[in-house]
Amino acid sequence: MKILNSIQNRIDIHIKKFCNYLTPKQKMVITAILFVMFFLASICVIVFAAYQVGKEDGKLFNVEHIHPTPYLKSNYQDNE
């Protein structure tokens, strides 16, 4: 666990050093680029999932229709 923490600390230090060298405008551009990349990746995942659901004419999910119970059928026919 100590090795993992030391690796994380080294990475944090290098990222902080890198960010300190950037101007505020450069920081904003990097933030916008990362946001757009994340947004596009999430849209791709959503579209891929929706495509998989609709693939093969809905054979992925078999929908069964609800049939009335015999008791309700007999009561319905008696009332007519």
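Preceding block: the structure.
Before going into details, it helps to say that this report is about the structure given with it. All values derive from a computational prediction rather than experimental measurement.

This part takes up the overall build of the protein chain. The helix and strand inventory of the protein chain stands at three helices and zero strands. Each helix (α) and strand (β) of the protein chain, taken in turn from the N terminus, gives the series α-α-α. Taken over 80 residues, the protein chain has a buried fraction of 1%. If you sum the accessible surface of the protein chain, you get close to 8200 Å²; carbon and sulfur atoms cover 68% of it.

What follows is about the packing of aromatic side chains. Aromatic rings in a pair are described by how distant their centres are and how their planes are angled relative to each other. Considering all chains together, one arrives at one aromatic pair under this definition. A ring pair is formed by phenylalanine 35 and phenylalanine 39, whose centres lie 6.4 Å apart and whose planes are at 20°; its orientation type is stacked. Pair noted here: phenylalanine 35 and phenylalanine 39 are both in helix 2 (residues 24-54), with a separation of four residues, about one helical turn. For phenylalanine 35, a relative accessible area of 55% gives the class exposed. Classification of phenylalanine 39 by relative accessible area gives partly exposed; the value is 44%.

Rules behind the numbers
Residues numbered from 1 in each chain as written. Predicted model: local features only at pLDDT ≥ 70, side-chain atom pairs only at ≥ 80, totals over all residues. Heavy atoms only, no water. Helix = DSSP H or I, 4+ residues; strand = E, 2+ residues; numbered from the N terminus. Buried < 20%, exposed > 50% of the residue type's maximum accessible area, 1.4 Å probe, protein only. Areas by Shrake-Rupley, 256 points an atom, 1.4 Å probe, with all protein chains shown as cover. Phe/Tyr/Trp six-rings, centres within 6.5 Å; stacked < 30°, edge-to-face > 60°.

Everything listed here is a matter of geometry and, on its own, says nothing about what the molecule does.
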